[in-house]
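Analysis of the macromolecular model
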Amino acid sequence: MLSTFCVTAQDKRQIEIKYSGRLNRDEANFPGATILTRDDSQQVHLYHNGTDLWCDKAIRYGQENFIEAYGNVKMIQGDTINMSAKYIEYSGISELAFASGEVVLKDPNSTISSDTLYFDRINQEAFYKSGGTVVKDTSGTITSKIGRYLMQQKKYRFTENVVLTNDDAIINSDYFDFYSDTGKAFLYGPSTIVTETSKTYCEKGFYDTKNKTGYAVKKSRIDYDNRIIEGDSLYFDNNISFASATNNIKVTDTINKTIVKGHYAEVFKEKDSLFITKRALAATKQENDSIYMHADKIMVTGKPDERILRAYYNAKIFKTDLSGKADSIHSNQKTGVTQLINLNRLASLDKFATKRRPIMWNVESQMTGDTIHLFSNTKTEKLDSLLVFDNAFIISKDTLSEDGYNQINGLKLLGQFDDENQLRTVDINKNAQSIFYVRNDKQELVGIDKAKSGRISILFGNGDIEEYTRFNQVDGTLPPESEYLEKDKRLKGFDWREDERPQSVADLFSEDKPIVLPKIQGLEDYIPEDDFFNEEMMERINMAGNSQEFLGLKNGNNLLEYPNDFENNIWYKQHTKVSAKSTLSPNKKELVYSISGIGQGNGQIIQSINKTHGKFKFSIWLKGSGVVSIIIQRNGAPWTSYESLGIDLPDSWKKYSISTLKPLDQSKLRCLISNIEPTDEVYAWGASLIEIKETPEAKD
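Residues numbered from 1 in each chain as written. Predicted model: local features only at pLDDT ≥ 70, side-chain atom pairs only at ≥ 80, totals over all residues. Heavy atoms only, no water.

Overview of the overall build of the chain
Along the chain, the regular secondary structure elements total three helices and 47 strands. What you see for the chain is a C-alpha radius of gyration of 41 Å, clearly larger than the 27 Å of a compact globule of 700 residues, by over 25%. When the backbone C-alpha atoms are referred to their principal axes, the chain occupies close to 130 × 70 × 40 Å. Scored against the burial criterion, the 700 residues of the chain give a buried share of 51%. Taking all contacts inside the chain whose residues are at least 6 apart in sequence as the whole, residues at least 24 apart take part in 51%. Accessible area of the chain: about 33200 Å², with a carbon and sulfur share of 47%. For the chain, the distance from the average site of its 88 positive side-chain charges to the average site of its 99 negative ones is 2 Å. (Helix = DSSP H or I, 4+ residues; strand = E, 2+ residues; numbered from the N terminus. Rg over C-alpha atoms; globule rule 2.2 N^0.38 Å. Buried < 20%, exposed > 50% of the residue type's maximum accessible area, 1.4 Å probe, protein only. Contact = heavy atoms within 4.5 Å. Areas by Shrake-Rupley, 256 points an atom, 1.4 Å probe, with all protein chains shown as cover. Lys, Arg positive; Asp, Glu negative; His and termini not counted. Charge placed at Lys NZ, Arg CZ, Asp CG, Glu CD.)

This is how it looks when you write it as structure tokens:
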């Protein structure tokens, strides 16, 4: 592997001098280098492998095939890349450039600005790590701490403090993939999309900056002016202020204190319209209680102060002191009127079946009729009154008899509620009929009072009938119960439906079929690219002969000090000795120490690191004779080895790596080469320990 690269490196073309006003040498300060300076006519002009570079001054290292360019530097690659900066370093071997000082890189798709920028000509990638800005015509301007541009894919990868700003939206994210040719963006980690009319939050999502559409699939939420939409998956179209949601949906009306839930919903903001289905449930806060409404489908329409809620097909309503059921329920929050309606087209075709009518329950009373209207006081949020139109029927069970029921029916019913939301008075008008179980002071049954009249007025207390008054009575009897036939104890149309009465919110769903939620396909989890300075890149840099100093890297992200100088005291030697340098490094630019064991103990060479927890990768080049181990270990008793690798040393250089997740165990970290015997001959070079940063999914 190494020899192949070395041959390729030898074949690399030299950086050519196309023009220089003056050529000088300064061996004291720049040994082996040629100093090129512009004149009054034009700048220094250099060329390498399809790329031209102009500058005011350049220092060219011929043997290393490396330049440092100063002053008004321009680097142009064909008709695709144009980079300008105050300073650029470039290696003709690695074909890697480092630019600093007001850096601007342009290609046909976008413009990158940063204080420092790395440009890999082989892989056609640009990278900054100390803040940068990308401008992409109509898609807007993107800023971030770290950015990477994969030019062949026309793809940007931004991390840390990412902000996209355009005329339509501001997007903030931790991890942000952006395709410059399509304007499509993928968001990972806590992210927001803010427009004039909405704010979308998610921790995994997609946004089309050109078409202004997108979707969110993790901890998703959209805030409109007075509505909050949450769900497993949200789709939104900011052109028409539309959103749809799937699975575990919650829509909160912040003005009317209403929450609507379900598993599929559509919201049109401009139309003030909400549609929700699949176990749809609406809950509205009233006084110290809530009223719940459930149906196959629920629609909420109208401005905040004129909301109308419609629940249809198998609609039910529940409150601690009131419940009801109908084919359709219609509630106007402005007027405080709630209507319970049955639809003829849903009625049974059996002529002998009891007609199913809307029904309400309050305390011990059951009320039915063709249509029921419930009135609430919009200021106090208390129940006010009740109207039942046509075929009004009210039933309450006589609690002391086994099968006795107080019953009143007529054409129309008017009820009034007290301050405790209990029916206090009821008036039945026109063709009133009644059956009352009459008891004395000892609660003994006196008889069953059955009569007809023009109107009946009833006074209730705690759900029981306290007194009743008939007006324009036509007839009436009060015989004992024993004189009644069973059929005469029931008025025509009697239908006791206590088994249908919801006693809790859960009961609202008792008649629903089981629901199977669709699986959300969504987006794949965030997959990090290899580091820009990955193994292949570092090998190129190493082979170029400036692995520690080129491109402003110094030790880069390496947590180990003196990675090639094992004689330095930073490396602790235990039962080992470091001998004089005697073999060439992998890049053939320097000599490498020989390490061997001494004495009877386990020979080790160790460096400690001031890190207490995280994910780490330890890498090192090795060759020689013998069998050794590389280890990432706890720095302190009991000297726990987090990860290790046994190595039968090869004759030629080979790079080895191990990775581990160090727990937070009150200790620091150390890296070591271990099991070095006196008969071993170990050559080591390029030791590095890199901390691997977490991805959004790892944080979860």
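Here's the deal with the pattern of salt bridges
Evaluated as defined, the whole model comprises 34 salt bridges. One salt bridge in this structure joins arginine 501 and glutamate 498, with 3.7 Å as the shortest N-O distance. Residue classification places arginine 501 among the buried residues on the basis of a relative accessible area of 16%. Overall, the relative accessible area of 27% leaves glutamate 498 in the partly exposed class. Ionic pairing is found between aspartate 665 and arginine 634, a salt bridge with its closest N-O pair at 3.6 Å. One end of the pair, aspartate 665, is in the loop between strand 45 (654–662) and strand 46 (668–676); the other, arginine 634, is in strand 43 (residues 627–635), and 31 residues separate them in sequence. Per residue, the accessibility class of aspartate 665 equals that of arginine 634, and both read buried. (Salt bridge = Lys/Arg side-chain N within 4 Å of Asp/Glu carboxyl O.)

A closer look at the pairing of strand 6 (residues 57–61)
For strand 6, a buried count of four out of five residues is recorded, marking the element as mostly surrounded by other parts of the structure. With five bridges joining them, strand 3 (residues 33–37) and strand 6 adopt antiparallel strand pairing. Across the sheet, the residue bridging to threonine 37 is lysine 57, located in strand 6. Across five bridges, strand 6 lies against strand 7 (residues 66–77) in antiparallel orientation. (Pairing = 2+ DSSP bridges.)

A closer look at the sheet that holds strand 39 (residues 576–584)
Pairing within the open sheet is antiparallel, and its five strands lie in the order 39-40-47-42-45. With partners counted over all chains shown, the strands left at the sheet margins are strand 39 and strand 45, one partner each. Adjacent strand axes in the sheet meet at a mean angle of 40 degrees, parallel and antiparallel pairs treated alike. (Axes fitted to C-alpha atoms, helices over the stretch in contact; angles between N-to-C directions.)

A short note on the environment of lysine 617
Mapped onto the secondary structure, lysine 617 falls in strand 42 (residues 614–625). Along the primary structure lysine 617 and leucine 661 are separated by 44 residues, whereas in three dimensions their C-alpha atoms are 9.1 Å apart. Setting aside residues no more than four positions away along its own chain, lysine 617 makes contact with Ser657, Ile658, Ser659, Ser688, Leu689, Ile690 and Ile692.

Here's the deal with the sheet that holds strand 46
Read across the sheet, five strands follow the order 38-41-46-43-44 without closing on themselves; strand pairing throughout is antiparallel. The sheet is open, and its two edges are formed by strand 38 (572–574) and strand 44 (641–648), each paired on a single side. Going across the sheet, the axis of each strand differs from the next one's by a mean of 20 degrees, ignoring polarity. The sheet contact formed by strand 41 (residues 603–609) and strand 46 spans six bridges and is antiparallel. What sits directly across from isoleucine 609, in strand 46, is leucine 669.

What about the confidence of the model for the chain?
The pLDDT averaged across the chain works out to 86; a share of 92% of its residues lies at or above 70. Across the chain, strand 5 (residues 51–55) holds the top mean pLDDT of 96, while helix 1 (residues 2–10) sits lowest at 35. The low-confidence segment residues 1–11 (pLDDT under 50) makes 12 contacts with residues lying over four places distant or belonging to another chain. Counting interchain partners and residues more than four positions distant, the pLDDT-below-50 stretch residues 546–556 has 30 contacts. (pLDDT = per-residue confidence, 0-100.)

Re the side chain of glutamine 43
For glutamine 43, the position within the fold is in the loop between strand 3 and strand 4 (44–48). Polar side-chain contacts of glutamine 43 include one of 3.0 Å to the side chain of aspartate 56. Among all residues touching glutamine 43, those that are not within four sequence positions of it are Tyr19, Arg38, Trp54, Cys55, Asp56, Gly71, Asn72 and Lys74. (Polar contact = N/O pair within 3.5 Å; in protein donor to acceptor, adjacent residues only side chain to side chain.)

A closer look at the nonpolar core
In this structure, Met83 and Phe176 are the most contacted members of the largest nonpolar core, which totals 90 residues. Contacts of methionine 83, omitting those with residues within four sequence positions, involve Val73, Lys74, Met75, Ile88, Ala97, Ala99, Val103, Val104, Leu105, Leu117 and Phe119. Judged by nonpolar contacts, the second largest core, of 28 residues, contains Trp571, Ile609, Leu669 and Ile673. (Core = buried A, V, L, I, M, F, W, Y, C linked by side-chain atoms within 4.5 Å.)

Topic: the packing of aromatic side chains
By the definition in use, this model includes 19 aromatic pairs. Ring plane angle 10 degrees and centroid distance 6.3 Å describe the contact between phenylalanine 176 and phenylalanine 178, whose orientation is recorded as stacked. Looking at phenylalanine 178, the relative accessible area reads 0%, which means it is buried. Here tyrosine 207 and phenylalanine 236 contribute two aromatic rings whose centre-to-centre distance is 6.0 Å and whose plane-to-plane angle is 20 degrees, an arrangement assigned as stacked. Residue tyrosine 207 is found in strand 18 (residues 199–208), and its partner phenylalanine 236 is found in strand 22 (residues 233–237); the two are separated by 29 residues along the sequence. Classification of tyrosine 207 as buried rests on a relative accessible area of 1%. Three or more aromatic residues joined by ring pairs make a cluster, and in this case those are Tyr149, Tyr156, Phe158, Phe176 and Phe178. The residue whose ring lies beneath lysine 271 is phenylalanine 268, and the NZ or CZ to ring-centre distance is 5.0 Å. The ring of phenylalanine 471 is capped by arginine 455, whose NZ or CZ atom sits 4.0 Å from the centre of that ring. (Phe/Tyr/Trp six-rings, centres within 6.5 Å; stacked < 30°, edge-to-face > 60°. Lys NZ or Arg CZ within 6 Å of the ring centre and 35° of its normal.)

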